[in-house]
Amino acid sequence: MKVKKNDTVLVLTGKDAGKTGKVLSSIPADNKVKVDGVNVQMRSRKARKANETSAITPQVGAIDASNVLVVCPACGKATRVGYTVVDGKKIRTCKKCGKSLDVTAEAKKAAKKATTAKKTADKADAPKKTRKTTAKKADKAE
């Protein structure tokens, strides 16, 4: 399937034509995708227990993958998907600018390092707990 999860796509046909959104999930067996904010359906949920309430909730429905085009992150245009082989791996590419649509393993590692660095920085900035408060509580207890 040419459309994958987390791709940004442009809807071509249907009541939501012209909208762009992020792919929430892809269903290759049915050649369908679920796009955030597209084909929103209302679902009725009946209360099954005494403490629950019935509700009507929005739910994203699947649309056919042929009705969407992938938006290239490099050039920002809706484009068809091509393939090139790099280092023995098949990579999706933009037909308009030729850049890769797939996130490479190196980019994933860099993003992971950035998030771990941010977490450690947040921990360093957080106030440290001291033993003074526990010592004061122990003195009051005596």
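The structure we're discussing is the one just above.
Below, the structure is looked at part by part. Per chain, residue numbering runs from 1 following the sequence as it is written. Two thresholds apply to this predicted model, a pLDDT of at least 70 for residue-level local features and 80 or more for giving and counting side-chain atom pairs, whereas whole-chain, interface and lining totals are computed over all residues. As a convention, hydrogens and water are excluded, and side-chain values are obtained from all of the structure's heavy atoms.

Some words on the nonpolar core
Threshold: Think of a nonpolar core as a cluster: buried Ala, Val, Leu, Ile, Met, Phe, Trp, Tyr and Cys residues, connected wherever their side-chain atoms sit within 4.5 Å. Each residue is assigned to one of three classes by its accessible area relative to the maximum for its type, calculated with a 1.4 Å probe on protein chains only: buried under 20%, partly exposed between the two thresholds, exposed over 50%. Secondary structure elements follow DSSP: runs of H or I no shorter than four residues count as helices, runs of E no shorter than two count as strands, and numbering proceeds from the N terminus. By definition in these notes, contact holds between two residues if any of their heavy atoms fall within 4.5 Å.
Counting 15 residues, the largest nonpolar core has Val3, Val9, Val33, Ile63 and Val68 as the members making the most contacts within it. When contributions to this core are tallied by element, the ones reaching two or more residues are strand E1 (8-11), strand E3 (32-35) and strand E7 (68-71). When residues no more than four places from it in sequence are discounted, the contact partners of Val33 are Met1, Val3, Val23, Ser25, Ser26, Gly61, Ala62, Ile63, Ala65 and Val68.

Examining the sheet that holds strand E8 (residues 78-79)
In a beta sheet, neighbouring strands pair by backbone hydrogen bonds and run either parallel or antiparallel. Spelled out, the test is: Here the rule is simple: two strands pair whenever DSSP picks up at least two bridges between them.
The 6 strands lie next to each other as E6-E3-E2-E1-E7-E8, forming an open sheet whose pairing is antiparallel. Two strands in the sheet have a free side with no partner beyond their single neighbour: strand E6 (62-64) and E8. Sheet topology places E1 next to E7; 3 bridges connect them, and they run antiparallel. Of the residues in E7, the one forming a bridge with Val11 is Val68.

Topic: the side chain of Asp7
In plain terms, the rule: Any pair of N or O atoms that falls within 3.5 Å is considered a polar contact. Within protein, one atom must be able to donate a hydrogen and the other to accept it, and sequence-neighbouring residues count only if both atoms are side-chain atoms.
Along the chain, Asp7 falls in the segment before E1. Judged by its relative accessible area of 10%, Asp7 falls in the buried class. At a separation of 2.8 Å, a polar atom in the side chain of Asp7 contacts the side chain of Arg92. Residues within four places of Asp7 in sequence aside, it is in contact with Lys2, Gly21, Lys22, Val23, Val70 and Arg92.

Some remarks on the pattern of salt bridges
In plain terms, the rule: For salt bridges, the criterion is a side-chain nitrogen of Lys or Arg within 4 Å of an Asp or Glu carboxyl oxygen.
Within this structure, the stated rule accounts for 3 salt bridges. With a closest N to O distance of 2.8 Å, Asp7 and Arg92 form a salt bridge. With a gap of 85 residues between them, Asp7 in the segment before E1 and Arg92 in strand E10 (residues 89-94) connect regions that are remote in the sequence. Residue Arg92 is classed as buried on the basis of its relative accessible area of 3%. Note that Asp16 and Lys19 form a salt bridge whose closest N and O atoms lie 3.2 Å from each other. Overall, Lys19 belongs to the partly exposed group, its relative accessible area being 39%. Here the residues in one salt-bridge network are Asp7, Arg92 and Asp102, joined through shared partners.

Examining the environment of Ala78
Relative to the elements of secondary structure, Ala78 occurs in strand E8. Placed 67 residues apart in sequence, Ala78 and Val11 show a C-alpha to C-alpha distance of 9.6 Å. Non-local contacts of Ala78, meaning those with residues more than four positions away in its chain, are made with Leu10, Leu69, Val70, Val71 and Lys96.

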